[in-house]
Amino acid sequence: MHVTHLSLADFRSYARVEVPLDPGVTAFVGPNGQGKTNLVEAVGYLATLGSHRVASDAPLVRAGAARAVIRAVVRQGDRQQLVELELNPGKANRARINRSSQVRPRDVLGIVRTVLFAPEDLALVKGDPGERRRFLDELVTARSPRMAGVRADYERVLKQRNTLLKTAAMARRHGGGSGSGALSTLDVWDQHLARAGAELLSQRMALVAALGPLADEAYERLAPGGGPVALEYRTPVEGGTREELYEQLLAALADARRQEIERGVTLVGPHRDDLVLKLGELPAKGYASHGESWSYALALRLASYDLLRSEGNEPVLVLDDVFAELDVRRRDRLAELVASGEQVLVTAAVEDDVPKALAGARYVVGGGEVTRL
Ligand SMILES: Nc1ncnc2c1ncn2[C@@H]1O[C@H](COP(=O)(O)OP(=O)(O)OP(=O)(O)O)[C@@H](O)[C@H]1O
Ligand SMILES: [Mg+2]
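Just so it is clear, the model here is predicted, and its values are computed rather than measured.

### Looking at the pattern of salt bridges
(1) Moving on: In total, this model carries 31 salt bridges according to the counting rule given.
(2) Moving on: Two residues, Asp10 and Arg62, come together in a salt bridge whose shortest N-O distance is 2.9 Å. Here the residue Asp10 occupies a position in strand β1 (residues 2-11), and Arg62 occupies one in the loop between α1 (36-48) and β4 (68-76), the gap between them amounting to 52 residues.
(3) Moving on: Here Arg62 falls in the partly exposed class, since its relative accessible area comes to 31%.
(4) Moving on: Linking Arg372 and Asp22 is a salt bridge whose minimum nitrogen-to-oxygen distance equals 3.1 Å. Remark: Asp22 occurs in the loop between β2 (14-20) and β3 (24-29) and Arg372 occurs in strand β15 (residues 369-372); sequence separation between them is 350 residues.
(5) Moving on: On the basis of relative accessible area, Arg372 is assigned to the partly exposed category, the value being 43%.
(6) Moving on: By sharing partners, the salt bridges in this structure join Arg161, Asp187, Asp190, Arg257 and Glu260 into a single network.

This is how it looks when you write it as structure tokens:
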């Protein structure tokens, strides 16, 4: 798929901007702080309902404005759709598809698909497990948009279960008996948690199995001879079918119950797992060099792209400021690998940072405007 028109109102630094887009490569060039990343961040938001830069929506709304609107015309084959999201920080966001407002924001998922490369990706390798879980979950959702609902269920159940555990922990500390009420409801929450958790776990495990070989290939192409790389999903449960995962999670929760009540938090489940990125025999985190970590992050994104592309409906590739961070060799390799994408959006502070292989449309970004050259 590709985006044929992007329109923003009160999004980040833009009061209003209209950007017609072609398939193939488009580069946005302009000095620092002029709003290049803001443009591609908006495209990414349509695909994930989140920003790759911030955890909340508030910074996405132009300072002084009440809400932001992202609108895009999307073409897939000969089908065209108009998607719109209204961001209302502190309140519910709203969505429209083809002008119909009978949809939830979540229903927009799957219309725009992106694989976004950005300097922030280094955190995939060097950062906390939460970064890697988010990476997996965004990809799980891109493959299967209904997983957005499962993730939301899981988060909700987890929050309620944690509240319950805190109540039980408190009651126990004060020697009161009122904790037993909380305890008896806990069994029910265990089942809800294990149900949604098993579904998420099984999707993540299938994803990691599919992604691993692709990541190894991508790493070899970016940094020949530097690998091998392997992905290991780390979880205390054994694995198996979704029903088996459900039983395993329930058993693990039962085992952890005592400790959970002492600490007042849920200690077992996909929210505690990690994706271990192996480079040779060692984990990349803590061992890989800066350049290796960068190649690894790029390989994970390239592998994501290959996977989504092989499953039909090619995503938009977004390369936010990544070429400036690479040496000439890896810059050219990456450019070759992505040049044939259905739509590739590139941002760069100077034209020289855009590799020659990426010939295409050029826009200058500056002074709140986006102008086609
Ligand atoms: N909510 C907001 N309201 C108004 N301005 C904002 C908001 N969020 C960000 N900005 C402004 O947008 C600018 C950053 O835009 P962006 O990150 O797109 O820059 P860029 O062109 O990608 O720069 P670089 O080359 O440094 O990556 C900053 O000047 C920032 O102050
Ligand atoms: Mg930028």
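More follows now that the structure is in view.
### Focus: the sheet that holds strand β6 (residues 94-97)
Think of a sheet as strands paired side by side through backbone hydrogen bonds, with each pair either parallel or antiparallel.
(1) Moving on: The six strands are arranged β2-β1-β4-β5-β6-β7 in an open sheet whose pairing can be described as antiparallel. The strands lining the two open edges of the sheet, one partner per strand, are β2 and β7 (100-103). Each adjacent strand pair in this sheet contributes to an overall mean axis angle of 20 degrees, direction not counted.
(2) Moving on: Bridge analysis of β6 against β7 gives two bridges, and the strand direction is antiparallel. Bridge pairing in β7 places Ala95 opposite Val103.
(3) Moving on: Running over the sheet, α1 touches β1, β2, β4 and β5 (79-87) and is turned about 110 degrees from β1.

### Re helix α4 (residues 147-173)
(1) Moving on: Along its 27 residues, α4 runs 38 Å from first to last C-alpha, staying within 8% of the 39 Å computed at 1.5 Å per residue.
(2) Moving on: Backbone geometry just after α4 places Gly175 at a positive phi near 65 degrees.

### Thoughts on helix α8 (residues 328-338)
(1) Moving on: Taken together, the buried positions of α8 are Arg330, Arg331, Leu334, Ala335 and Val338. The arc enclosing the buried residues of α8, seen along the axis, measures out at 135 degrees, which places them on a common side. Opposite the buried face of α8, at more than 90 degrees from it, the exposed residues are Val328, Arg329 and Glu336.

### Focus on the site of ligand 1
(1) Moving on: Surveying the vicinity of ligand 1 reveals 16 residues, the closest of which are Gly33, Lys36, Thr37, Asn38 and Arg53.
(2) Moving on: Arg53 places a side-chain nitrogen or oxygen 2.8 Å from an oxygen atom of ligand 1.
(3) Moving on: Taking Ala63, its main chain carries an N or O atom lying 2.9 Å from a nitrogen atom of ligand 1.
(4) Moving on: Broken down by class, the residue content of the shell around ligand 1 amounts to four nonpolar, seven polar and five charged.

### Description of the domain arrangement of the protein
Note: interface size is frequently given as the accessible area lost on complex formation between the parts.
(1) Moving on: On domain assignment, one finds that the protein holds domain 1 (1-113 + 315-373) and domain 2 (120-312).
(2) Moving on: One C-alpha centre belongs to domain 1, the other to domain 2; they are set 28 Å apart.
(3) Moving on: Domain 1 puts 21 residues into the contact, and the matching count from domain 2 is 22 residues.
(4) Moving on: Between domain 1 and domain 2, the buried area comes to about 1,900 Å², and carbon and sulfur atoms account for 64% of it.
(5) Moving on: Contact with domain 2 buries area across many residues of domain 1, yet Arg113, Arg330 and Leu337 alone supply 30% of it, more than any other trio.
(6) Moving on: Summed over the shared surface of domain 1 and domain 2, the result is zero salt bridges.
(7) Moving on: With five residues, α8 is the single largest residue contributor to the side of domain 1 that touches domain 2.

### Here we look at the environment of Met205
(1) Moving on: Its location among the elements puts Met205 in helix α5 (residues 179-222).
(2) Moving on: Overall, Met205 belongs to the partly exposed group, its relative accessible area being 21%.
(3) Moving on: On a C-alpha basis, the gap between Met205 and Arg362 in space is 40 Å, while along the polypeptide they are 157 residues apart.
(4) Moving on: Residues within four places of Met205 in sequence aside, it is in contact with Tyr233, Thr235, Gly239 and Leu245.

### Concerning the packing of α4 against helix α6 (residues 242-263)
(1) Moving on: The contact between α4 and α6 brings their axes to 8 Å, and the two run at 55 degrees. Comparing the axis directions of α4 and α6 gives the class oblique. In this structure, α4 meets α6 at a crossing whose hand is right-handed. Taking contact as the criterion, the partners of Arg161, Leu165, Ala168, Ala169, Arg172 and Arg173 in α4 are, on α6, Leu253, Glu260, Ile261 and Glu262.

### Some thoughts on the environment of Arg132
(1) Moving on: When you line up the elements, Arg132 lands in helix α3 (residues 129-143).
(2) Moving on: Taking relative accessible area as the criterion, Arg132 reaches 3% and is therefore assigned buried.
(3) Moving on: Separated by 144 residues in sequence, Arg132 and Val276 have C-alpha atoms that sit 8.7 Å apart.
(4) Moving on: Residues in contact with Arg132, not counting those within four places in the same chain, are Ala123, Leu124, Val125, Gly127, Asp274, Leu275, Leu277 and Lys285.

Cut-offs applied
Residues numbered from 1 in each chain as written. Chains lettered and ligands numbered in written order. Predicted model: local features only at pLDDT ≥ 70, side-chain atom pairs only at ≥ 80, totals over all residues. Heavy atoms only, no water. Salt bridge = Lys/Arg side-chain N within 4 Å of Asp/Glu carboxyl O. Helix = DSSP H or I, 4+ residues; strand = E, 2+ residues; numbered from the N terminus. Buried < 20%, exposed > 50% of the residue type's maximum accessible area, 1.4 Å probe, protein only. Pairing = 2+ DSSP bridges. Axes fitted to C-alpha atoms, helices over the stretch in contact; angles between N-to-C directions. Contact = heavy atoms within 4.5 Å. Expected span 1.5 Å × (residues − 1). Arc of directions from axis to C-beta. Near = heavy atom within 4 Å. Polar contact = N/O pair within 3.5 Å; in protein donor to acceptor, adjacent residues only side chain to side chain. Nonpolar A, V, L, I, M, F, W, Y, C, P; charged D, E, K, R; others polar. Domains from an automatic or database assignment. Buried area = accessible area lost by both parts, 1.4 Å probe. Parallel < 35°, antiparallel > 145°, perpendicular 65-115°, else oblique. Left-handed = near helix turned anticlockwise from the far one by under 90°.

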